[in-house]
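# Survey of secondary and tertiary structure
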Amino acid sequence: MKKGEIKILLVDDEPDILEIVGYNLSSEGYNVTTAKNGHEAITKAKKERPHLIILDVMMPEMDGIETCEQIRKAPDLKDTIITFLTARGEDYSQVAGFDAGADDYITKPIKPKLLISKVKALLRRLKEEDGPADSMVHVGNITINRDEYKIVQSGKEIILPRKEFELLSLLASRPGKVFKRDEILDKVWGNEVIVGGRTIDVHIRKLREKIGDDHFKTVKGVGYKFVL
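Looking at an unreviewed UniProt entry, one finds the protein named Phosphate regulon transcriptional regulatory protein PhoB and attributed to Galbibacter marinus. The UniProt entry for the protein carries the following text under Function (unreviewed entry): "This protein is a positive regulator for the phosphate regulon. Transcription of this operon is positively regulated by PhoB and PhoR when phosphate is limited."

In C-alpha cells:
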C-alpha cells in the first residue's frame, strides 16, 4: 500500500498540535484528516475508515479514552490501528488507554522524526492483513524462520529454546504493538501449565540478553512490545 493511500485521523483539541503533527504526517505522504474532539472523531472515523487514528486523551465533552472505546465498538473499525498521543504519561493513564482498545501509547513532547518512526512501525502491520503469516519475518537486522525455528541477527545464527523463539516471533510479528500479558500467555503457552507468575518476564530477560535489550520495551501493568 502506497503512503498516499494510507489514511490517518489525527484527533486533538489543540489547533497547534493538529497543525504541526498534521503537517509532519502530510509531508511524509500520508492522507491526513483532523478532528478537534471525540464526537467529531467518531463521525469522521466511521465516514473515512482510517488505517490509523492518533488520539489525544484530554479533550472536552468526550475524552480520548471514551472516544477509543466508542470507536472499538464500530464493526467497520475493528481493525483500525489506534494510538494515543498525549502529555499524560502516568502508568494508570496508559493502562486505561490500552484497556480501552488502543494499540500503542505515545507521550508528548516527542520529536517529529521519532513520531514518524513510531507511526511507520504501527503501520507495518497493515501488510499482515491478507493471508496467513509468512514463514520468514524480517525486522531490522533480524530474520526469523518460523519453519526451521531459526534466528539470524546481523548474519549470525542464534539458537533459542522453543518458547523463547515463539515469544520473539509473536512480538516481532507486529513491531510497535503492545501485546498484553494475557494475550502472550494464550498465544505462546496456550493451555500448558505455567510454573510461577513471572514466566513471561524471565523469557523476556533471556531474549534481551541474546537479542539486545533495546528491542524489548516493558509497558508497566500491560505487557511488552518489540521495537526496532
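## Details of the packing of aromatic side chains
Summed over all chains, the structure comprises four aromatic pairs. When the ring of Phe98 is compared with that of Tyr105, the centres are 6.5 Å apart and the planes differ by 45 degrees; the resulting orientation is tilted. Ring centres of Phe216 and Phe226 lie 5.7 Å apart, and the angle between their planes is 80 degrees; on these two criteria the pair is classed as edge-to-face. Placement of Phe216 in strand 11 (residues 216-219) and of Phe226 in strand 12 (residues 223-226) is noted, with a sequence separation of ten residues between them. A residue is classified by how much of its surface remains accessible, and Phe216, at 4% relative accessible area, is buried. Cluster of aromatic residues (ring-pair linked, three or more members): Phe84, Phe98 and Tyr105. Its end group placed over the ring of Phe179, Lys177 keeps NZ or CZ at 5.1 Å from the ring centre.

## Comments concerning the packing of helix 7 (residues 181-189) against helix 8 (residues 199-211)
Direction vectors running N to C along helix 7 and helix 8 enclose 80 degrees, while the axes themselves pass 11 Å from each other. In terms of their interaxial angle, helix 7 and helix 8 are classed as roughly perpendicular. Contact residues: helix 7 offers Arg181, Ile184, Leu185 and Trp189, while helix 8 offers Thr199, Ile200, Asp201 and His203. The residue inventory of the contact of helix 7 with helix 8, partitioned by class, reads four nonpolar, two polar and two charged.

## Description of the nonpolar core
The nonpolar side chains of a soluble globular protein tend to be buried, and buried together. In terms of nonpolar packing, the biggest core is built from 25 residues, with Val11, Ile53, Leu55, Cys68 and Phe84 touching the most fellow members. Counting residues per element, the ones that place at least two in this core are strand 1 (7-11), helix 2 (38-48), strand 3 (52-55), helix 3 (64-72) and strand 4 (81-86). Structurally, this core is a two-domain feature, drawing no fewer than three residues from each of domain 1 (3-125) and domain 2 (136-226). Once you skip the residues sitting within four places of it in the chain, Ile53 turns out to touch Leu9, Val11, Ala45, Ile71, Thr80, Ile81, Ile82 and Thr83. In terms of nonpolar packing, the next biggest core, distinct from the first, is built from 24 residues, Val139, Ile142, Ile151 and Ile184 among them.

## Observations concerning helix 2
Buried within helix 2 are the following residues: Gly38, Ala41, Ile42 and Ala45. Down the axis of helix 2, the smallest arc covering the buried residues is 100 degrees, so these residues share one side. In helix 2, the exposed positions angled more than 90 degrees off the buried face are occupied by Thr43 and Lys47. Buried positions along helix 2 lie against strand 1, strand 2 (31-35), strand 3 and helix 3. The N-capping residue of helix 2, defined by a side-chain oxygen 3.2 Å from the backbone nitrogen of His39, is Asn37. Phi turns positive, to about 50 degrees, at Arg49, one or two residues after helix 2.

## As for the UniProt feature "domain: Response regulatory" (unreviewed entry) in the protein
UniProt records the feature "domain: Response regulatory" (unreviewed entry) at residues 7-123, using the numbering of this structure. Counting secondary structure, residues 7-123 comes out at 46% helix and 21% strand; the distance between its end C-alpha atoms is 10 Å.

## Looking at the sheet that holds strand 1
Spatially, 2-1-3-4-5 is the arrangement adopted by the five strands of the open sheet, whose pairing is parallel. With one partner strand each, in any of the chains shown, strand 2 and strand 5 (104-107) form the two edges of the open sheet. Across the sheet, the mean angle separating the axes of adjacent strands is 20 degrees when strand polarity is ignored. As judged from the four bridges shared by strand 3 and strand 4, these two strands associate in the parallel manner. Bridge assignment links Leu52 to a residue of strand 4, and that residue is Ile81.

## Things to note about the pattern of salt bridges
Tallied over the entire structure, the rule returns 18 salt bridges. Put simply, Asp91 and Lys220 hold a salt bridge, and the shortest N to O gap is 3.7 Å. Separated by 129 residues along the polypeptide, Asp91 in helix 4 (residues 91-99) and Lys220 in the loop between strand 11 and strand 12 bring together distant segments of the chain. On the accessibility criterion, Lys220 (59% relative accessible area) is exposed. A network of salt bridges, in which partner residues are shared, links Lys36, Glu40 and Lys44.

Conventions we followed
Residues numbered from 1 in each chain as written. Predicted model: local features only at pLDDT ≥ 70, side-chain atom pairs only at ≥ 80, totals over all residues. Heavy atoms only, no water. UniProt positions renumbered as here; feature names shortened; annotations may be inferred. Phe/Tyr/Trp six-rings, centres within 6.5 Å; stacked < 30°, edge-to-face > 60°. Helix = DSSP H or I, 4+ residues; strand = E, 2+ residues; numbered from the N terminus. Buried < 20%, exposed > 50% of the residue type's maximum accessible area, 1.4 Å probe, protein only. Lys NZ or Arg CZ within 6 Å of the ring centre and 35° of its normal. Axes fitted to C-alpha atoms, helices over the stretch in contact; angles between N-to-C directions. Parallel < 35°, antiparallel > 145°, perpendicular 65-115°, else oblique. Contact = heavy atoms within 4.5 Å. Nonpolar A, V, L, I, M, F, W, Y, C, P; charged D, E, K, R; others polar. Core = buried A, V, L, I, M, F, W, Y, C linked by side-chain atoms within 4.5 Å. Domains from an automatic or database assignment. Arc of directions from axis to C-beta. Polar contact = N/O pair within 3.5 Å; in protein donor to acceptor, adjacent residues only side chain to side chain. Pairing = 2+ DSSP bridges. Salt bridge = Lys/Arg side-chain N within 4 Å of Asp/Glu carboxyl O.

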